[in-house]
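# Structure assessment
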Amino acid sequence: MARMEWVLGSCRLLAETAEEFARTRPFAGLTIGAAIHLEPKTATLLLTLRQGGAQIVATGNLMTTQQETVAVLRDQGVNVVGERTGDPEIHAAHLREVLACRPDLILDNGGELFARFLEEPYDSLLGGTEETTSGRARLLPLRDRIARPLLVINDSPIKQFAENEHAVGQSVLESFMRITNRATNGLRVTVVGYGPCGRGVAGNFGRARALVSVLDTDPVRRLNALLDGFAVPERERAISSAELVVTVTGAARVLTGADLRLLSDGAILANAGHVPWEIDMADLLGHPDVVGSAEPTEGVTSLVLGDGRRVHVLTGGHMVNLSGPRPLGNSVESMDLGFTLQARCLESIAGGLVPVDQCVVPVPRDIDAKVAHAYVTLANRIG
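Predicted model, so just to flag it, every value in this text is computed and none were measured. (Residues numbered from 1 in each chain as written. Predicted model: local features only at pLDDT ≥ 70, side-chain atom pairs only at ≥ 80, totals over all residues. Heavy atoms only, no water.)

## Points about the side chain of serine 302
Note that serine 302 resides in strand S12 (residues 300-305). Classification of serine 302 as buried rests on a relative accessible area of 3%. A polar side-chain atom of serine 302 sits 2.7 Å from a polar atom in the side chain of histidine 312. Setting aside anything within four residues of it in sequence, one finds serine 302 in contact with Gly292, Ser293, Ala294, Pro296, Arg310, Val311 and His312. (Helix = DSSP H or I, 4+ residues; strand = E, 2+ residues; numbered from the N terminus. Buried < 20%, exposed > 50% of the residue type's maximum accessible area, 1.4 Å probe, protein only. Polar contact = N/O pair within 3.5 Å; in protein donor to acceptor, adjacent residues only side chain to side chain. Contact = heavy atoms within 4.5 Å.)

Structure below.
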């Protein structure tokens with residue numbers, strides 16, 4: 001509870017938004033269904049929406065739900081479906097239970113609720129938001145079927161630089177050090193994926209004196225990484241030379257059992273992407289070269305190979321900054337900005353201000369500008 005109070009007191013922009021929503025009640029009479037990482041900062045967002053008059057029904061994402069947060073939300077009248085789980089079938093049942101409440105607005109994280117909404121659609125859904133790059137990729141081919149306002153938070157420039165580039169990089173670095181207790185100085189790191197999150201991860205490890213290589217299939221991003229000062233070797237060399245490989249792509253099966261032959265003895269694998277199968281943990285564990293596994297410390301699974309090498313996977317391939325011991329996620333300030341964007345986007349959709357044809361599109365420029373102005377004004381007032 002103490003950590004929850006700390007975060008609530010630190011999300012200053014959301015606190016101001018909640019005070020406004022308590023007066024304007026933009027969600028009065030509406031239900032918001034959410035599938036989101038249930039941790040203190042997301043709880044602050046959900047409670048802000050509740051201040052605006054919404055009924056909230058929410059469930060978590062795979063392996064990132066924090067029970068202390070669930071208890072606080074339930075105590076505040078939020079309907080939280082299920083508990084922490086890493087079982088995809090149980091998770092799918094939780095999502096169906098959220099949709100059974102027929103929410104008027106959806107707050108999605110990975111496209112899970114919107115994709116399942118199409119299995120049993122209903123007319124009263126007004127629209128909603130999607131947080132992630134992987135969710136946008138999943139929902140873009142479905143936009144004609146969704147046919148409702150759906151704003152992608154991740155496509156906001158604020159989200160791109162404040163959260164993805166700065167905060168993700170910081171939190172992945174912090175999580176690596178906290179879980180492994182290893183130094184970064186001189187560490188050979190390969191970052192797979194050079195989108196905004198990958199740039200943040202590479203930049204933060206580089207500033208921490210690691211030797212960073214970048215692997216990306218996009219030639220333009222690869223050039224970007226090179227001009228940013230990172231090595232860009234071919235895939236085999238990038239993986240075989242690394243002491244730490246961090247996946248940040250949003251794609252499935254980026255690292256599989258077939259890559260075991262490339263990995264050096266003692267190599268560490270970590271996933272910073274939204275989906276928990278960028279590192280195919282089941283394929284690694286089931287590979288014939290793996291003769292055993294152990295958990296030498298919390299959050300680390302060590303695979304023992306037949307030739308004596310060991311390969312270590314952090315947090316079972318789940319998001320390294322939101323899983324494992326004492327998961328903190330991204331910084332409060334970055335999520336304060338990103339979640340205020342979420343709240344303002346949902347407010348606009350609830351008020352009928354977003355045209356129906358704006359489906360799987362970036363945050364409108366006027367909302368970006370409003371949130372940016374409010375944050376800078378708040379910073380100047382406090383400073």
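## Examining empty space enclosed by the protein
Scanning all chains against the criterion turns up 1 cavity of 30 Å³ or more. The computed volume of the largest cavity comes to approximately 40 Å³. Taken together, Thr59, Gly60, Asn61, Thr65, Glu83, Arg84, Thr85, His91 and His94 form the lining of the largest cavity. A per-class count over the lining of the largest cavity returns no nonpolar, 7 polar and 2 charged. (1 Å grid on protein atoms, 1.4 Å probe; cavity = no way out; pocket = protein on both sides within 12 Å on 5 of 7 lines; lining within 4 Å. Points joined across faces, edges and corners; volume = space filled by probe spheres on them. Nonpolar A, V, L, I, M, F, W, Y, C, P; charged D, E, K, R; others polar.)

## A few points about the sheet that holds strand S6 (residues 150-152)
Pairing is parallel in the open sheet, where 7 strands are placed in the order S3-S2-S1-S4-S5-S6-S14. Edge positions in the sheet fall to strand S3 (79-80) and strand S14 (359-362), since each of these pairs with one other strand and no more. Note: strand S4 (residues 105-108) against strand S5 (residues 127-130), 4 bridges, orientation parallel. When the sheet's bridge partners are listed, leucine 105 is paired in S5 with glycine 127. Taken strand by strand, helix H5 (residues 88-100) contacts strand S1 (31-35), strand S2 (55-59) and S4, and its axis lies near 165 degrees from that of S2. (Pairing = 2+ DSSP bridges. Axes fitted to C-alpha atoms, helices over the stretch in contact; angles between N-to-C directions.)

## A few points about the environment of glutamine 55
Looking at where glutamine 55 falls in the secondary structure, it is placed in strand S2. Sequence-wise, glutamine 55 and valine 332 are 277 residues apart; in three dimensions their C-alpha atoms are separated by 25 Å. Those residues in contact with glutamine 55 that sit more than four places away from it in its chain are Leu30, Thr31, Ile32 and Arg50.

## Examining a nonpolar patch on the surface
A cluster of nonpolar side chains, contributed by Leu223, Leu226 and Leu227, occupies part of the molecular surface with about 310 Å² of accessible area. Along the polypeptide, leucine 227 turns up in helix H11 (residues 219-227). (Patch = residues over 30% accessible without salt bridge, like charges linked within 9 Å, V, L, I, M, F, W, Y side chains within 5 Å. Areas by Shrake-Rupley, 256 points an atom, 1.4 Å probe, with all protein chains shown as cover. Salt bridge = Lys/Arg side-chain N within 4 Å of Asp/Glu carboxyl O.)

## Some details on the sheet that holds strand S11 (residues 290-297)
Taken together, the 7 strands give an open sheet; going across it, the order is S8-S7-S9-S10-S13-S12-S11, and neighbouring strands pair in mixed fashion. The sheet terminates laterally at strand S8 (211-215) and S11, the two strands that pair on one side only. The sheet shows a mean angle of 20 degrees between the axes of neighbouring strands, direction not considered. Lying on the sheet, helix H9 (residues 157-180) is in contact with strand S9 (244-247), strand S10 (268-271), S11, S12 and strand S13 (310-314); it crosses S13 at an angle near 125 degrees.

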